[in-house]
Amino acid sequence: MKNLPDEAAQGGITMYREVAQKLLSFIKSSPTSFHAVWNTSGILEEEGFERLKEGSAWNIRPGGRYYVTRNGSSILAFKTGTQMENYSFHITASHSDSPTFKLKENAQIDVRGKYTVLNTEGYGGMLCSTWFDRPLSLAGRVIVKEGNSLASRLLDIDRDLLMIPSLAIHMNREVNEKQSLNKQKDMLPVYSGRKMDADALKNLVADELEVEAEQIYGTDLYLYNRAEPSIWGAEEEFISSPRLDDLECAYASLQGFLRGENSETVRVYACFDNEEVGSQTKQGAASTFLSDVLTRINAALGKTPEDLSRALASSFMLSCDNAHAVHPNYPEKTDVCNCVYMNEGIVVKSHAGQKYTSDAVSIALFKMICEKAGVPVQFFANRSDMNGGSTLGNIAMSQVSVNTVDIGLAQLAMHSSFETAGVKDAAYLIRAAEAFYKSHICEMDAGVYEIKESCTGK
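Not measured: the values here are computed from a predicted model.

### What about the confidence of the model for the protein?
Summing up the model confidence of the protein, the mean pLDDT is 93 and the portion of residues at 70 or higher is 95%. Segment residues 7–11 is flagged for pLDDT under 50; beyond a separation of four residues in sequence, or across chains, it makes 4 contacts in the model.

Right, dumping it as structure tokens:
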């Protein structure tokens, strides 16, 4: 693996762009959470990780590399240390899903015998207007009957298939002054310029998968924006792409995880599905997925429940989910002091009501890690008269309680179908995550912490 760009190095900006290009390539090949997890699994296997199944016994060795998926849309990977007498967990958490539209089971709607539109419903809190007049397609998973078995197959109809046309201004003169969008009426994508047979869409899916339509027993299909990701700006300082929230953090923390080694920790990479709809699913951050895996690691290493409690007490998590950059046209929408900008470093997020988990201890520890890595840090808080969103950290803590800091990368147009971020920031997170995974955080005495690359414990 190439070294990441040093801010002072000649040609550093070229390296930042190379990292950004790899990020955008990953996002382009990951139109849904299922594809993101599939691609992540492929990267892990290329790096020598062994796949585990939740329903099978685990044989885990010190110094081993493993990963496990749940629902095909969430993934946990981990590397065990070789000196585990006083071990702890170092965890990054991100999410694989993004706001979009999900296809309903009976999807085809005839409009006056002249159009076929598709029946969808909103998934997450998207900016609906950004889905108009863009080339769209369908992707997700399909459950196929193969003999007496049911197999999960990935689908990506890799062509411009659909579009949601906006209403002409001549028919809605107030559209630029006020607009209220109804997802059941305004946001249905056009599929055909004629009335299609009742099974036309099912037949299309079957053709794409090279199976018979009768073999299709279930689908989880979503719209996705086919606009090409790009690097742009006067100095090529911005990136724009669908699904930057949160595949930017998912990809960057994965790369840091692959680089970071430490003999006295279990390094864990977590990427959960369903953050955009509250995480209250079997594969979401509120599920037992993380807790189950950490408990099984501890047991498979021959440790006791007491050892697990001790390990968790000295563990640390980076909850990685993107943050709101100052908008050039709406700077008043952000806090006057705690506001952040693209390309100026990793964002540490705080909230008095604990929508973010960051506190003095976790912020201080993360600042020290970033200082060691040479990565800039900036701080975000919402305006006190505006409610912001929550993220993974505080939700995951309902199952696994560890010191956690909420961080992210600054971006514009969050929850748009096409978002914008800084060209440097993914590389910053890779470098910080690598330093985090290489470190061992020791509580030397009550409230006294030390960060080392090797530590024998208290």
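### Points about a negative patch on the surface
A cluster of acidic side chains, namely Asp197, Asp199, Asp207, Glu208, Glu212 and Glu214, defines a negative patch on the protein surface. Within the secondary structure, Glu208 sits in helix 3 (residues 200–209). Relative accessible area serves as the criterion here: at 36%, Glu208 is assigned to the partly exposed category.

### Describing the side chain of Ser74
If you trace the backbone, Ser74 turns up in strand 3 (residues 74–79). Taking relative accessible area as the criterion, Ser74 reaches 0% and is therefore assigned buried. Side-chain polar atoms of Ser74 contact the backbone nitrogen of Asp273, separated by 2.8 Å. Within the local environment of Ser74, its side chain forms a polar contact with the backbone oxygen of Gln283, the two atoms lying 2.6 Å apart. Setting aside anything within four residues of it in sequence, one finds Ser74 in contact with Val37, Val68, Thr69, Cys271, Phe272, Asp273, Gln283 and Phe289.

### What about the nonpolar core?
Ranked by size, the top nonpolar core spans 55 residues in total, and within it Leu44, Ile239, Phe257, Tyr269, Ile346 and Ile407 carry the most contacts. Formed by 33 residues, the second largest nonpolar core is a distinct cluster that contains Ile60, Phe272, Ile297 and Met317.

### Side note on the environment of Tyr16
With respect to the secondary-structure elements, Tyr16 resides in helix 1 (residues 12–28). Note on Tyr16: relative accessible area 2%, which makes it buried.

### Re unusual backbone geometry
Between Asp245 and the following residue, Asp246, the backbone shows a cis peptide bond with an omega angle of 15 degrees. Inspection of the secondary structure assignment puts Asp246 in helix 4 (residues 244–259). One non-glycine residue, Glu210, adopts positive backbone phi at about 60 degrees. Looking at the element boundaries, Glu210 is found in the loop between helix 3 and strand 10 (216–225). Glu210 gets classed as exposed once you look at its relative accessible area, which sits at 72%. Not every positive phi belongs to a glycine, and Arg243 is a case in point at roughly 65 degrees. In this fold, Arg243 is placed in the loop between strand 12 (238–241) and helix 4.

### What to know about helix 3
Among all positions in helix 3, only Ala200, Leu201, Leu204, Val205, Ala206 and Leu209 are buried. Elements that come into contact with the buried residues of helix 3 comprise strand 5 (100–111), strand 6 (115–123), strand 7 (136–146), strand 8 (149–156), strand 9 (190–192) and strand 10. At the exit of helix 3 stands Glu210, carrying a positive phi of roughly 60 degrees.

### Description of the pattern of salt bridges
Across all of its chains, the model carries 17 salt bridges by this definition. We note a salt bridge from Arg65 to Glu261, for which the minimum N-O separation is 2.9 Å. Here the residue Arg65 occupies a position in strand 2 (residues 65–70), and Glu261 occupies one in the loop between helix 4 and strand 13 (265–272), the gap between them amounting to 196 residues. Measuring nitrogen to oxygen at the nearest pair gives 2.6 Å for the salt bridge that ties Asp160 to Arg226. Of this pair, Asp160 sits in the loop between strand 8 and strand 9 while Arg226 sits in the loop between strand 10 and strand 11 (230–232); the two residues are 66 residues apart in sequence, bridging distant segments of the chain. Of the residues examined, Arg226 reaches a relative accessible area of 22% and is grouped as partly exposed. What emerges from the salt-bridge pattern is a single network uniting Arg65, Lys79, Glu261 and Arg267.

What counts and what doesn't
Residues numbered from 1 in each chain as written. Predicted model: local features only at pLDDT ≥ 70, side-chain atom pairs only at ≥ 80, totals over all residues. Heavy atoms only, no water. pLDDT = per-residue confidence, 0-100. Contact = heavy atoms within 4.5 Å. Patch = residues over 30% accessible without salt bridge, like charges linked within 9 Å, V, L, I, M, F, W, Y side chains within 5 Å. Areas by Shrake-Rupley, 256 points an atom, 1.4 Å probe, with all protein chains shown as cover. Salt bridge = Lys/Arg side-chain N within 4 Å of Asp/Glu carboxyl O. Lys, Arg positive; Asp, Glu negative; His and termini not counted. Charge placed at Lys NZ, Arg CZ, Asp CG, Glu CD. Helix = DSSP H or I, 4+ residues; strand = E, 2+ residues; numbered from the N terminus. Buried < 20%, exposed > 50% of the residue type's maximum accessible area, 1.4 Å probe, protein only. Polar contact = N/O pair within 3.5 Å; in protein donor to acceptor, adjacent residues only side chain to side chain. Core = buried A, V, L, I, M, F, W, Y, C linked by side-chain atoms within 4.5 Å.

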